[in-house]
Amino acid sequence: MIKALILGNTNVGKTTFFLNFAEFLGVNKVLIKVEYPSGKILTKEMSLNIARKSLVSNEAHKTLRLQKLTLKIPIFKGKKEVKLIDTTGLIDGIHPNKEIRNAIAQTLEYLNESHIILHIIDITTLHNSKTLSLIDRQLIDFGKTINNYALLINKIDLEKNKDTLTKFKNIIDKDVYWIPISALYKQGFYEVKKFVVNSL
Ligand SMILES: Nc1nc2c(ncn2[C@@H]2O[C@H](COP(=O)(O)OP(=O)(O)OP(=O)(O)O)[C@@H](O)[C@H]2O)c(=O)[nH]1
Ligand SMILES: [Mg+2]
């Protein structure tokens, strides 16, 4: 099955996107297969409201394992199954906490196995910074070497980010495919769906 990997720094909105994109595609109860770095596997069925309450947080490194769900993407007259995979947030440098390091390693192992990469950045991190983080720049460079890579610029719903988006346009390489989104309010999801469909 086609695998679509959601990647990015911690707290950028990966899990919010994971759940809300599933909802956008018509899912109302999620069956999530959780794979821990230890190898333990659990399957949980939850309503989207419960999933958002228990899996999303404004604290860093809420997600410390792979979370997978299967989406049915409408294509031509039928539907194609795509495995959407939420991951542990990446960081610049080496994290001091071993559990987080192991979870990051588990995420990185999936890079080469995935057909579609959805790299999320949080536009608010550009408020006070002139540049993207090192890990984001590395992922963008990696994205240029593969097909089916998109950069999702998240949290555009925050009014104060309007100028920041202009700043982003000035620093992003012209050959990178990017889509502004709000994972929270499901903005830009039609374009993301189109990108996924074109990647199948
Ligand atoms: N305003 C706004 N907030 C968002 C958006 N997407 C996510 N958030 C908030 O950002 C915080 C982090 O969201 P998560 O979805 O847990 O982020 P994550 O990347 O999965 O984080 P980790 O698993 O901890 O690495 C939460 O407080 C979300 O409500 C968005 O589009 N707009
Ligand atoms: Mg998360």
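Residues numbered from 1 in each chain as written. Chains lettered and ligands numbered in written order. Predicted model: local features only at pLDDT ≥ 70, side-chain atom pairs only at ≥ 80, totals over all residues. Heavy atoms only, no water.

Please clarify how the packing of aromatic side chains should be interpreted in this entry.
Ring pairs (aromatic) are described by centroid distance and by the angle formed between their planes. A complete count under the given rule lists 7 aromatic pairs for this structure. A ring pair is formed by phenylalanine 17 and phenylalanine 21, whose centres lie 5.0 Å apart and whose planes are at 15°; its orientation type is stacked. Of this pair, phenylalanine 17 and phenylalanine 21 both sit in helix α1 (residues 14–24), separated by 4 residues, roughly a single helical turn. Take phenylalanine 17: its relative accessible area is 0%, and that puts it in the buried class. Since its relative accessible area comes to 1%, phenylalanine 21 is described here as buried. (Phe/Tyr/Trp six-rings, centres within 6.5 Å; stacked < 30°, edge-to-face > 60°. Helix = DSSP H or I, 4+ residues; strand = E, 2+ residues; numbered from the N terminus. Buried < 20%, exposed > 50% of the residue type's maximum accessible area, 1.4 Å probe, protein only.)

Would you explain the site of ligand 1 in this entry?
Among the 23 residues in the neighbourhood of ligand 1, the closest are listed as Thr10, Lys14, Thr16, Lys62 and Asp157. In the environment of ligand 1, a nitrogen atom lies 2.7 Å from a nitrogen or oxygen atom belonging to the side chain of aspartate 157. Burial of ligand 1 by the protein amounts to 89% of the accessible area it has alone, namely 660 Å². In a pocket analysis with a 2 Å cut-off to the grid points, ligand 1 is assigned to the largest pocket. Considering every element that reaches the shell around ligand 1, the biggest residue donor is α1, with 3 residues. (Near = heavy atom within 4 Å. Polar contact = N/O pair within 3.5 Å; in protein donor to acceptor, adjacent residues only side chain to side chain. Areas by Shrake-Rupley, 256 points an atom, 1.4 Å probe, with all protein chains shown as cover. 1 Å grid on protein atoms, 1.4 Å probe; cavity = no way out; pocket = protein on both sides within 12 Å on 5 of 7 lines; lining within 4 Å. Sits in = over half its atoms within 2 Å of the grid points.)

Explanation requested: the coordination of the magnesium ion (ligand 2) in the structure shown.
Around a metal, the perfect tetrahedron of four donors has angles of 109.5 degrees, and the perfect octahedron of six donors has angles of 90 or 180 degrees. Listed as protein donors to the magnesium ion (ligand 2) are Thr15 (OG1) and Thr63 (OG1); their distances from the metal cover 2.1 Å. Of this pair, threonine 15 sits in helix α1 while threonine 63 sits in the loop between α2 (48–55) and β4 (66–75); the two residues are 48 residues apart in sequence, bridging distant segments of the chain. With respect to burial, threonine 15 and threonine 63 carry one shared label: buried. (Donors = N, O, S within 2.8 Å, 3.2 Å for Na, K, Ca; no water.)

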